[in-house]
Amino acid sequence: MDRPSWDEYFMEMAEVTQKRSTCMRRQVGAVIVKDKRIMATGYNGAPNGIAHCEERGGCLRQKLNVPSGERHELCMALHAEQNAIIQAAYLGQSIAGGTIYCTHQPCVICAKMIINAGIKRIVVREGYPDQLSVDILNEAGLTIEMLTR
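From a predicted model like this one, the values you see are computed outputs, not experimental measurements.

Trainee: Describe in detail the overall build of the protein chain, supporting the description with residues and values.
Mentor: When you go through the protein chain residue by residue, the secondary structure sums to 5 helices and 5 strands. The linear arrangement of helices and strands in the protein chain, starting from the amino end, is α-β-β-α-α-β-α-β-α-β. Relative to a compact globule of 149 residues, whose C-alpha radius of gyration would be 15 Å, the protein chain shows 15 Å and is just as compact. Counting only C-alpha atoms, the protein chain reaches 45 × 35 × 30 Å along its principal axes. Of the contacts formed within the protein chain by residues at least 6 apart in sequence, a portion of 54% connects residues at least 24 apart. Of the roughly 8,400 Å² that the protein chain leaves accessible, carbon and sulfur atoms contribute 50%. Between the averaged position of the 17 positive side-chain charges in the protein chain and that of its 16 negative side-chain charges there is a distance of 4 Å.

Here you go:
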């Protein structure tokens, strides 16, 4: 029997979650786990009731040639990590001490939210061009664990 490890199992769930993304540039999924139980999921997309970029005729960041990892305030979407943290709060789920599985390394904004949410472990499949995120996480005592295939 070829069973996936717990890390691989939850990362595969994050990869399924990313399929719900409405982002035109990069589809990202996140799953927050505590005690081997899924507490919340999230993908990147516009807030509830707000038109997605495709419905608006395109991505503003693409139109302005904004490099990946910069000028997040110009994006209509919430990030997958943000949506997962918000979902847990909405449901009243404590995620302190949990692990977040992300298809991509968190940006600096998400890194700060992860720290303050009390998440203790970050597992990612792919990197992201945001060194400040790595620096802030390291200073907070968190490291990004890369899960390769």
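Following the structure, the description resumes.
Trainee: Describe the sheet that holds strand 2 (residues 37-43), naming the residues involved and giving the relevant values.
Mentor: If you walk across this open sheet you meet the 5 strands as 2-1-3-4-5, and the pairing is mixed. Every other strand in the sheet has two partners, leaving strand 2 and strand 5 (144-146) as the edge strands with one partner each. Adjacent strand axes in the sheet meet at a mean angle of 25°, parallel and antiparallel pairs treated alike. Summarising the sheet, strand 4 (residues 121-126) and strand 5 pair through 3 bridges and their orientation is parallel. Residue pairing for strand 5: Ile 122 is matched across the bridge by Ile 144. Together, strand 1 (29-34), strand 2 and strand 3 (99-104) form the strand contacts of helix 3 (residues 80-91), whose direction differs from that of strand 2 by roughly 130°.

Trainee: Can you tell me about the pattern of salt bridges, naming the residues and giving the values?
Mentor: This model, assessed by the stated rule, comprises 6 salt bridges. The closest approach of N and O atoms between Arg 125 and Glu 15, which form a salt bridge, is 2.8 Å. Pair noted here: Arg 125 is in strand 4 and Glu 15 is in helix 1 (residues 6-17), with a separation of 110 residues, a long-range link. The burial state of Arg 125 is the same as that of Glu 15; both residues are buried. Of the charged contacts, one joins Glu 73 and Arg 71 as a salt bridge, the two residues approaching to 2.5 Å between their closest N and O atoms. You can call Glu 73 exposed: its relative accessible area is 56%. A relative accessible area of 44% means that Arg 71 is categorised as partly exposed. Overlapping salt bridges, with partners in common, bring together Glu 8, Glu 15, Arg 125 and Arg 149 in one network.

Trainee: Got a sec to walk through the packing of aromatic side chains? Specific residues and values, please.
Mentor: On inspection of all chains with the given rule, the structure shows 4 aromatic pairs. Aromatic side chains Trp 6 and Tyr 9 sit 5.8 Å apart centroid to centroid with 85° between the ring planes, which places their arrangement in the edge-to-face category. Placement of both Trp 6 and Tyr 9 in helix 1 is noted, with a separation of 3 residues, approximately one turn of the helix. By relative accessible area, which is 35% here, Tyr 9 ends up partly exposed.

Rules used throughout
Residues numbered from 1 in each chain as written. Predicted model: local features only at pLDDT ≥ 70, side-chain atom pairs only at ≥ 80, totals over all residues. Heavy atoms only, no water. Helix = DSSP H or I, 4+ residues; strand = E, 2+ residues; numbered from the N terminus. Rg over C-alpha atoms; globule rule 2.2 N^0.38 Å. Contact = heavy atoms within 4.5 Å. Areas by Shrake-Rupley, 256 points an atom, 1.4 Å probe, with all protein chains shown as cover. Lys, Arg positive; Asp, Glu negative; His and termini not counted. Charge placed at Lys NZ, Arg CZ, Asp CG, Glu CD. Pairing = 2+ DSSP bridges. Axes fitted to C-alpha atoms, helices over the stretch in contact; angles between N-to-C directions. Salt bridge = Lys/Arg side-chain N within 4 Å of Asp/Glu carboxyl O. Buried < 20%, exposed > 50% of the residue type's maximum accessible area, 1.4 Å probe, protein only. Phe/Tyr/Trp six-rings, centres within 6.5 Å; stacked < 30°, edge-to-face > 60°.

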